[in-house]
Amino acid sequence: MSTDAAQPQLNWVFLGPPGVGKGTYATRAAKAFGIPHIATGDLIRAEIAAGTDMGKQMKAIVNSGKLLPDAMVQEVLQARLAKGRAEGERGFLLDGFPRTRAQAEQLVQSVDVGLVLNMSLREEVLVEKCMGRRLCRHCGKNYNIADIYLPASGGRPEIIMPPLSPPPECAPHLETRADDTEPVIRHRLEVYKREATPVEDFFRQRGLLVDFEITAGIPETLPYLMPLLQSYVGRRANEPPVKA
Ligand SMILES: [Zn+2]
């Protein structure tokens, strides 16, 4: 398959805290715009599973509970991006990367990033949503029993997120993940905020960051997200919209 030379390159990054639904939105957007959804976590798992020298080193570090060094994550990611360029991919949608300012700097040096979508959700909603997660131990499907409604207040929008309820056959087999307790969730969010703030600032200073607050469930949010993304096809976030 050859790439139409007139098609603009879409090099996009999605940022967002755990529980915001970033993976789901990234999957849907990547499919809609014909670009690969690249999650560095998946690349690392694949490298480890393939048992390469790099994979073995990564496995040892991950098993010791340490974070992988930037250089290693970069190497795996750059190899994946180079493969995509060689195969004529139209761009990429990065999910879960960059995690640090150093990674962000290296990324913009190696590729022309057009848009960084910074997804957010009010913290109390993130906590409630994470606490509502349920896994069916029978079939492995994920559900969410949190039924969220927050009225608009102090200039903040109303938030309505209906539950993703299990069918009757799964209902007796639901379990909560051991690390989905409120203190653990709040700690995860704090760690995320601490790590993400310098990354957000870096992209904001370059005019590439677009904030996107989620106020509803996935089916209600997609009709807002897709046209927003469409408006960035062929332009960088800091450029004015292209007049049709
Ligand atoms: Zn089930």
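The preceding data block contains the structure.
Summary of the structure given here. In this text the structure is predicted, and so the values were computed from the model without any measurement.

1. Comments concerning the overall build of the protein
Stage number 1. Broken down by element type, the protein carries eight helices and ten strands.
Stage number 2. The C-alpha atoms of the protein give a radius of gyration of 19 Å, which matches the 18 Å a tight globule of 244 residues would have.
Stage number 3. Looking at the 244 residues of the protein, the share that counts as buried comes to 23%.
Stage number 4. Excluding contacts between residues fewer than 6 apart, the proportion of contacts in the protein whose partners are at least 24 apart in sequence is 73%.

2. Remarks on the nonpolar core
Stage number 1. F14, L93 and V116 are the most contacted members of the largest nonpolar core, which has 36 residues in total.
Stage number 2. Looking at this core, the elements that each hand over two or more residues are β1 (10–15), α1 (22–33), α4 (70–86), β3 (91–95), α5 (101–110), β4 (115–120), α6 (123–131) and α7 (182–205).
Stage number 3. Not counting residues within four places of it along the chain, the set of residues in contact with V116 comprises V13, L15, F203, L208, L209, V210 and A237.

3. Some points on the packing of helix α2 (residues 40–50) against α4
Stage number 1. For the pair α2 and α4, the least separation of the axes is 10 Å and the interaxial angle reads 95°. The angle between the axes of α2 and α4 places the two elements in the roughly perpendicular class. In this structure, α2 uses T40, L43, I44 and E47 to contact α4, whose residues at the interface are V73, V76, L77 and R80.
Stage number 2. Partitioned by chemical class, the residues of the contact of α2 with α4 number five nonpolar, one polar and two charged.

4. Some thoughts on the pairing of strand β5 (residues 133–136)
Here is the key point about a regular strand: its side chains alternate between the two faces of the sheet.
Stage number 1. Across three bridges, the pairing between β5 and strand β6 (residues 142–144) is antiparallel. By the bridge assignment for β6, L135 is matched with N142.
Stage number 2. Where β5 meets strand β9 (residues 174–175), two bridges bridge the pair, whose relative direction is antiparallel. Among the inter-strand pairings, C136 is bridged to a residue of β9, identified as L174.

5. Thoughts on α2
In an α-helix, one full turn covers 3.6 residues, which means residues spaced three or four apart are oriented alike.
Stage number 1. Residues of α2 that are buried include every one of T40, I44 and E47, and no others. Buried residues of α2 fall within an arc of 60° about the axis and therefore sit on the same side. Turned more than 90 degrees away from the buried face of α2 sit G41, A49 and A50, all of them exposed.
Stage number 2. The inward-facing, buried residues of α2 contact β2 (37–39), α3 (53–63) and α4.
Stage number 3. Of the residues trailing α2, G51 is marked for its positive phi of about 70°.

The rules behind the values
Chains are numbered independently. Their residues run from 1 in the order of the written sequence. Predicted model: local features are reported for residues with pLDDT of at least 70 only, side-chain atom pairs are reported and counted for 80 or more only, and whole-chain, interface and lining totals are derived from all residues. Strands are runs of DSSP state E lasting at least 2 residues, helices are runs of H or I lasting at least 4, and numbering of each runs from the N terminus. As a reference, a globule follows 2.2 Å times the number of residues to the power 0.38, and the radius of gyration itself is taken over C-alpha atoms. Three exposure classes are used, all based on how many other C-beta atoms lie within 10 Å of a residue's own C-beta (placed from the backbone): buried at 20 or more, exposed at 12 or fewer, and partly exposed between those limits. Any residue pair is listed as a contact if its two C-beta atoms, each placed from the backbone, are within 7 Å. Remark: nonpolar core denotes a set of buried Ala, Val, Leu, Ile, Met, Phe, Trp, Tyr and Cys residues whose joining runs through C-beta atoms within 7 Å. Under this scheme, a helix contributes an axis fitted over its contacting stretch, all axes are lines through C-alpha atoms, and angles between N-to-C directions fall in the 0 to 180 degree range. Throughout, the term roughly parallel applies to angles under 35 degrees, roughly antiparallel to angles over 145, roughly perpendicular to angles from 65 to 115, and oblique to all others. Side-chain classes are defined by residue name, with Ala, Val, Leu, Ile, Met, Phe, Trp, Tyr, Cys and Pro counting as nonpolar, Asp, Glu, Lys and Arg as charged, and the others, Gly among them, as polar. Two strands qualify as a pair provided DSSP detects at least 2 bridges between them. It is the directions from the helix axis to the C-beta atoms whose arc is reported.

None of this, on its own, says anything about what the molecule does.
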